[in-house]
Amino acid sequence: MEVVRRVLRWISLSLLLSCSQIDGRPSAPSAPPRVAASSPSERATSEDAKPAVALPEPANTSGTAIAEQEPGTADLDPNNDEIVAPPEAITDCEARLNALGVSYAAAELKLRTLPGGRVCGAPQALVYKGRPGGIRWSPPPIVTCNLAIALAHFELVVDAEAKQYLGTSVRSIEQGGTYNCRTMARFSNMVSEHSYGNAIDLRRFRLSDGRTVSVLEHFGRPANEPSAAPSKFLRALARKAFDDGVFSVVLTEFFDRLHRDHFHVDMARYRVDGTR
């Protein structure tokens, strides 16, 4: 557990100083990413605090700790940040997904313990297919139920931001992977949420008018203020996904160059904002 504490402190320090180097080259200068406020009252003072799409809000009865975590939303409880483990199963998973109108299929990410005690897999997994007639996922991802619910919320945010910045809707999202039993690329002692199928990488958004918006081609260098509509869309989408509590962690090239060609989003128990 001390290792987890050190790594989390290192992540926070890395975000504040923006000093990471990839392949020996410093990342482009950018505004330092921020870690989310630990309670709804603190989050209400941040910019863009009002979400464009209403999402379930976890109850906060103490002012500092979340009494009950709403499945499929960012974990706001500051008391469990050091827990890195497979997410808990959601007992009414199917009912929640049915209420959201999404299609899914049964899947399995078998739990296994590796040498050294690292665990991979999840107690509950499914193939997420999205809403019939809505955004398609290419390919349909195998994810935890918690992430599946979040993806259903995310589709609403994607649609709203695409219409605002691009004047059209998104037909499909190309994803670059979910389950992968491994540690983090930058922090070898920290288990990645990909190890639980609790993370997904987003690469391209195909629009209803035939255009494609690519993170690699259109996000732009962090130091440059975007002027083109596709770049504005991508940056607004990433920030909205974090600020609205859709995901616990959102990483872009603002975090490091490893994310220059995709957004990493996950449902970790801790929060990291890598969108600024």
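Structure shown above.
Bear in mind the structure is a predicted one, so any value in this text is a computation, not a measurement.

Thresholds applied
Residues numbered from 1 in each chain as written. Predicted model: local features only at pLDDT ≥ 70, side-chain atom pairs only at ≥ 80, totals over all residues. Heavy atoms only, no water. Helix = DSSP H or I, 4+ residues; strand = E, 2+ residues; numbered from the N terminus. Buried < 20%, exposed > 50% of the residue type's maximum accessible area, 1.4 Å probe, protein only. Contact = heavy atoms within 4.5 Å. Areas by Shrake-Rupley, 256 points an atom, 1.4 Å probe, with all protein chains shown as cover. Polar contact = N/O pair within 3.5 Å; in protein donor to acceptor, adjacent residues only side chain to side chain. Pairing = 2+ DSSP bridges. Axes fitted to C-alpha atoms, helices over the stretch in contact; angles between N-to-C directions. Disulfide = S-S within 2.5 Å.

Engineer: Before we go on, may I ask you to explain the overall build of the protein in this structure?
Structural biologist: Looking only at helices and strands, the protein has six helices and twelve strands in total. Per-residue burial over the protein gives 49% buried out of 276 residues. Nonlocal contacts in the protein, meaning residues at least 24 apart in sequence, comprise 62% of its contacts between residues at least 6 apart. Surface exposure of the protein reaches about 12,500 Å², of which carbon and sulfur atoms provide 50%.

Engineer: Where do I start with the side chain of T178 in this structure?
Structural biologist: Checked against the element boundaries, T178 lands in the loop between β7 (170–175) and β8 (199–207). According to the relative accessible area criterion, T178 is buried, its value standing at 10%. A distance of 2.8 Å separates a polar atom in the side chain of T178 from the backbone oxygen of I142. Not counting chain neighbours up to four residues away, the residues in contact with T178 comprise P141, I142, V143, H194, A199 and I200.

Engineer: Can you help me understand unusual backbone geometry in this one?
Structural biologist: Leaving glycine out, the prevailing phi sign among residues is negative, and the prevailing peptide bond configuration is trans. Omega for the peptide link from S138 to P139 comes to -10°, which places this bond in the cis form. Tracing the backbone through its elements, the reader meets P139 in the loop between β5 (136–138) and β6 (142–144).

Engineer: Explain the sheet that holds strand β4 (residues 119–130) to me, please; I cannot follow it from the model alone.
Structural biologist: The pairing of strands in a sheet happens through backbone hydrogen bonds and is either parallel or antiparallel. The three strands are arranged β3-β4-β6 in an open sheet whose pairing can be described as antiparallel. Taken across any chain shown, the strands that pair with only one partner, and hence form the sheet edges, are β3 (103–113) and β6. Geometrically, the sheet is characterised by an average inter-axis angle of 40° between neighbouring strands, direction not taken into account. Examined bridge by bridge, β4 and β6 share three bridges and lie antiparallel to one another. Across the sheet, the residue bridging to A125 is T144, located in β6.

Engineer: Can you walk me through the environment of S231 in this structure?
Structural biologist: Structurally, S231 can be placed in helix α6 (residues 229–243). On the basis of relative accessible area, S231 is assigned to the buried category, the value being 6%. Distance in space between the C-alpha atoms of S231 and Y165 is 9.2 Å, their sequence separation being 66 residues. Excluding residues that lie within four positions of it along the chain, S231 makes contacts with H218, F219 and P226.

Engineer: Help me understand the state of the cysteines, please; the structure alone is not making it clear to me.
Structural biologist: In a disulfide, the sulfur atoms of two cysteines are covalently bonded to one another. Evaluated as defined, the whole model comprises two disulfides. Across the disulfide from C93 sits C145; the S-S distance is 2.1 Å. Because the sign of the S-S torsion sets the handedness, a value of about 110° for the bond joining C93 and C145 places this disulfide among the right-handed ones. Residue C93 is located in helix α3 (residues 93–100), and its partner C145 is located in helix α4 (residues 145–166); the two are separated by 52 residues in the primary sequence. What makes C93 buried here is its relative accessible area of 6%. At a sulfur-sulfur separation of 1.8 Å, the disulfide partner of C120 is C181. On the sign convention where negative means left-handed, the S-S torsion of about 75° between C120 and C181 marks this disulfide as right-handed. With C120 in strand β4 and C181 in the loop between β7 and β8, this residue pair connects regions lying 61 residues apart in the sequence. Ordering the disulfide-forming cysteines of the protein by sequence position, one finds them joined as 1-3, 2-4.

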